[in-house]
Amino acid sequence: MKTTKKILLFAVSVLVLSSCSQPLTEGASPVMHDSTPRGVATEYIRNMNVWANLSNGRSATDNTMCMDFLNDYDMQDEDGNAIDFASLDYDAKKRIFEEYQKQEIDYAAEVLENDDELLEIIKLDNEAMGQMIQEAGRSVLVDNSPVLFLSRYMEKRRQLLEKAAAEEETLVSRSSSSSSSSETTVELHADDLNPDSVRKFKEAYKKGRVLLCRDCSSVTSSGWGLYVGHAAMMSEDSWQDSWLEDGLSRTTISAWANDGKSVSWEGKIDGVQKEPLAYWAGKSEGSAQHVKILQMRKKTVKIRWLWIIPYIWFDFSSTAGDADVAVRYAESNIGKPYRLWVEIADFFVGGILQTKWWTDKFYCSQLVWRSWVEANGNYDFSQCMPLIFPEHFEMTSSATFITEYNNY
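Quick summary incoming for the structure in this document. (Residues numbered from 1 in each chain as written. Predicted model: local features only at pLDDT ≥ 70, side-chain atom pairs only at ≥ 80, totals over all residues. Heavy atoms only, no water.)

1. Remarks on the nonpolar core
Then comes step 1: Core analysis: the biggest nonpolar cluster contains 64 residues, and Leu-112, Tyr-153, Val-210, Met-233, Met-296, Trp-372 and Phe-393 have the highest contact counts within it.
Then comes step 2: Counting residues in each nonpolar core, the second largest holds 25 residues, with Val-198, Phe-201, Met-234 and Trp-280 among its members. (Core = buried A, V, L, I, M, F, W, Y, C linked by side-chain atoms within 4.5 Å. Buried < 20%, exposed > 50% of the residue type's maximum accessible area, 1.4 Å probe, protein only.)

2. Quick look at the sheet that holds strand S8 (residues 309-317)
Then comes step 1: Taken together, the three strands give an open sheet; going across it, the order is S1-S7-S8, and neighbouring strands pair in mixed fashion. Strands with a single pairing partner mark the edges of an open sheet, and in this sheet they are strand S1 (74-77) and S8. If you compare each strand with its neighbour and ignore which way they point, the axes differ by 30 degrees on average.
Then comes step 2: As paired elements, S1 and strand S7 (residues 298-306) share four bridges and run parallel to each other. Along S7, the bridge assignment pairs Met-75 with Val-301.
Then comes step 3: Relative to the sheet, helix H4 (residues 90-113) contacts S1, S7 and S8, its axis offset from that of S8 by approximately 55 degrees. (Pairing = 2+ DSSP bridges. Helix = DSSP H or I, 4+ residues; strand = E, 2+ residues; numbered from the N terminus. Axes fitted to C-alpha atoms, helices over the stretch in contact; angles between N-to-C directions. Contact = heavy atoms within 4.5 Å.)

3. Digging into the environment of Ala-255
Then comes step 1: By secondary structure assignment, the location of Ala-255 is in strand S4 (residues 250-256).
Then comes step 2: Taking the C-alpha atoms as reference, Ala-255 lies 7.9 Å from Pro-337; in sequence the two are 82 residues apart.
Then comes step 3: Look past the residues within four positions of Ala-255 in its chain and what remains in contact with it is His-230, Gly-271, Val-272, Tyr-338, Phe-362, Tyr-363, Cys-364 and Leu-367.

4. Considering the packing of helix H12 (residues 320-332) against helix H14 (residues 364-375)
Then comes step 1: Where H12 contacts H14, the axes come no closer than 8 Å and their chain directions differ by 130 degrees. If you check the angle between H12 and H14, you find them oblique. Relative to H14, the crossing made by H12 is right-handed. Across the interface between the two elements, Asp-322, Ala-323, Val-325, Ala-326, Tyr-329 and Ala-330 from H12 touch Leu-367, Arg-370, Ser-371, Trp-372, Glu-374 and Ala-375 from H14. (Parallel < 35°, antiparallel > 145°, perpendicular 65-115°, else oblique. Left-handed = near helix turned anticlockwise from the far one by under 90°.)

5. Considering the pattern of salt bridges
Then comes step 1: Scanning the entire structure with this criterion turns up 20 salt bridges.
Then comes step 2: In this structure, Lys-283 engages Asp-192 in a salt bridge whose closest nitrogen and oxygen atoms are separated by 3.9 Å. In this pair, Lys-283 is assigned in the loop between helix H11 (277-281) and strand S6 (290-296) and Asp-192 in the loop between helix H8 (171-181) and helix H9 (195-204), connecting sequence segments 91 residues apart.
Then comes step 3: In this structure Lys-283 comes out as partly exposed when scored by relative accessible area, which is 45%.
Then comes step 4: Owing to a relative accessible area of 26%, Asp-192 belongs among the partly exposed residues under this scheme.
Then comes step 5: For the salt bridge of Asp-360 with Arg-339, the shortest nitrogen-to-oxygen distance reads 2.4 Å. Note that Asp-360 is positioned in the loop between helix H13 (344-349) and H14 and Arg-339 in the loop between H12 and H13, a separation of 21 residues in sequence.
Then comes step 6: The class of Asp-360 is partly exposed, set by a relative accessible area of 42%. (Salt bridge = Lys/Arg side-chain N within 4 Å of Asp/Glu carboxyl O.)

6. Describing the sheet that holds strand S9 (residues 399-406)
Then comes step 1: Spatially, S5-S4-S3-S2-S6-S9 is the arrangement adopted by the six strands of the open sheet, whose pairing is antiparallel. In the strand order of this sheet, the two ends are held by strand S5 (271-276) and S9, each with one partner. Across the sheet, the mean angle from the axis of one strand to that of its neighbour is 30 degrees, orientation sign disregarded.
Then comes step 2: Pairing geometry for strand S2 (residues 210-213) and strand S3 (residues 230-234), over four bridges, is antiparallel. The residue bridging Leu-211 from the neighbouring strand is Ala-232, located in S3.
Then comes step 3: Most of the contacts of H9 go to S9, to which it runs at about 160 degrees, and overall it touches S2, S3, S4, S6 and S9.
Then comes step 4: Strand contacts of H14: S2, S3, S4, S5 and S6, with the helix running at about 40 degrees to S3, the strand carrying the most contacts.

7. A short note on unusual backbone geometry
Then comes step 1: Of note, Trp-307 is a non-glycine position whose phi angle comes to about 65 degrees, a positive value.
Then comes step 2: The residue Trp-307 is located in the loop between S7 and S8 in this model.
Then comes step 3: For Trp-307, a relative accessible area of 76% gives the class exposed.

8. Some points on H4
Then comes step 1: Between its first and last C-alpha, H4 extends 34 Å over 24 residues, near the 34 Å set by a 1.5 Å rise per residue.
Then comes step 2: Two or three places before Asp-91, at the start of H4, stands the capping residue Asp-89, its side-chain oxygen 3.2 Å from that residue's backbone nitrogen. (Expected span 1.5 Å × (residues − 1). Polar contact = N/O pair within 3.5 Å; in protein donor to acceptor, adjacent residues only side chain to side chain.)

9. Focus: the side chain of Asp-125
Then comes step 1: Take Asp-125: it is sitting in helix H5 (residues 116-138).
Then comes step 2: On the accessibility criterion, Asp-125 (6% relative accessible area) is buried.
Then comes step 3: Aside from chain neighbours lying at most four places away, what touches Asp-125 is Tyr-153, Arg-157 and Glu-391.

10. Observations concerning H12
Then comes step 1: Taking 1.5 Å of rise per residue, 13 residues should cover 18 Å, and H12 covers 19 Å from first to last C-alpha, within 8% of that figure.
Then comes step 2: Within H12 the residues assigned to the buried category are Asp-322, Ala-323, Ala-326, Val-327, Tyr-329 and Ala-330. Viewed end-on, H12 has its buried residues packed into an arc of 155 degrees, placing them on one side of the element. Among the exposed residues of H12, those pointing more than 90 degrees away from its buried face are Arg-328 and Ser-332.
Then comes step 3: For H12, the secondary structure elements touched by its buried residues are S3, S4, S5, S7 and H14. (Arc of directions from axis to C-beta.)

11. Examining the packing of aromatic side chains
Then comes step 1: A complete count under the given rule lists 16 aromatic pairs for this structure.
Then comes step 2: A centroid spacing of 6.5 Å and a plane angle of 70 degrees characterise the contact between Tyr-205 and Trp-239, whose relative ring orientation is edge-to-face. Note that Tyr-205 is positioned in the loop between H9 and S2 and Trp-239 in the loop between S3 and S4, a separation of 34 residues in sequence.
Then comes step 3: Through a chain of ring-to-ring contacts, three or more aromatic side chains come together here, namely Phe-69, Tyr-73, Tyr-100, Phe-314 and Phe-316.
Then comes step 4: Between Arg-297 and the ring centre of Phe-316, over which it is positioned, the NZ or CZ distance is 3.6 Å. (Phe/Tyr/Trp six-rings, centres within 6.5 Å; stacked < 30°, edge-to-face > 60°. Lys NZ or Arg CZ within 6 Å of the ring centre and 35° of its normal.)

By themselves these figures say nothing about function.
Written as structure tokens, this is what we have:
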């Protein structure tokens, strides 16, 4: 009797595992090998959908959930009449979603054509994701454990970046090598501003603009070897010359960990806070290295139907009022602790899959993204991705390039 029960239990377990794992990888695409900017952009968009589906326990090709983020977008027909995306039938939604993604691929391809360093990073991201997709297709255990999907992906990404660091001297390799050698907190020097960087920063200063860097200064980059960089947002109404008198004047807002594994400055706390000017425009070892400044922009999706085939394009509008809302939202969360993407507690409740929506803690790019989404859902470029990386801001038409500069 006991043996029969064991056999029955084993059979039921196999059926459960099969039913849970099979849909996740059904239709998963093989790794692409097109290294052109357009090929890399296409693979990147495809991988974002697969990543979102697998990490939420869905089929790799089931984009129902991914399409739903368009429910909050402003949509109009060619005559300016509002379109309620949520009320459309599935086929119409799918066609609009596919056309929308084609537009995003066009934009991302253009960005990659003009940024060789970002192109290399996205290639590595694609390779890490491709390996995960292949493993998910082969392993029942991986299929049945979507909560582990993200951590496995991040580990592969880290390994690939370290491999690139050993083979070629690029921004990625500088970040990787300096991260791996940095074991203690780096102090930010307030009296060591970079005049050229200050000039660029001053010229571009506007409330709500997004700042990005790809170096090792954030805790996730320097302390945990993930090399993802840092993101922040300009927080004041306008530039003030008085900031130059004290390099620690707080000019931006973001989320930091205060655990001795990343750059430090006087008055730094754990979590959401204002950042010193010297971080974004300084020459000290703790300052950002390669800085990009972007402007978020609201998209209205215009649709012209050619029989049953949609042709879409984007209209962009001013974001001044939304910037005020975004910054107020970020400031309302000052003092909330830093969220590390791979906190162990999140595994037990599945939080790691959707921590971008949790507001008890924040990581840097999540805070900036969430602040703009709070201002207006049309800024949500995340679709149903479980996380927001700084590089995602560069790859979406919801943000446009303003300027860049180097502190090193």
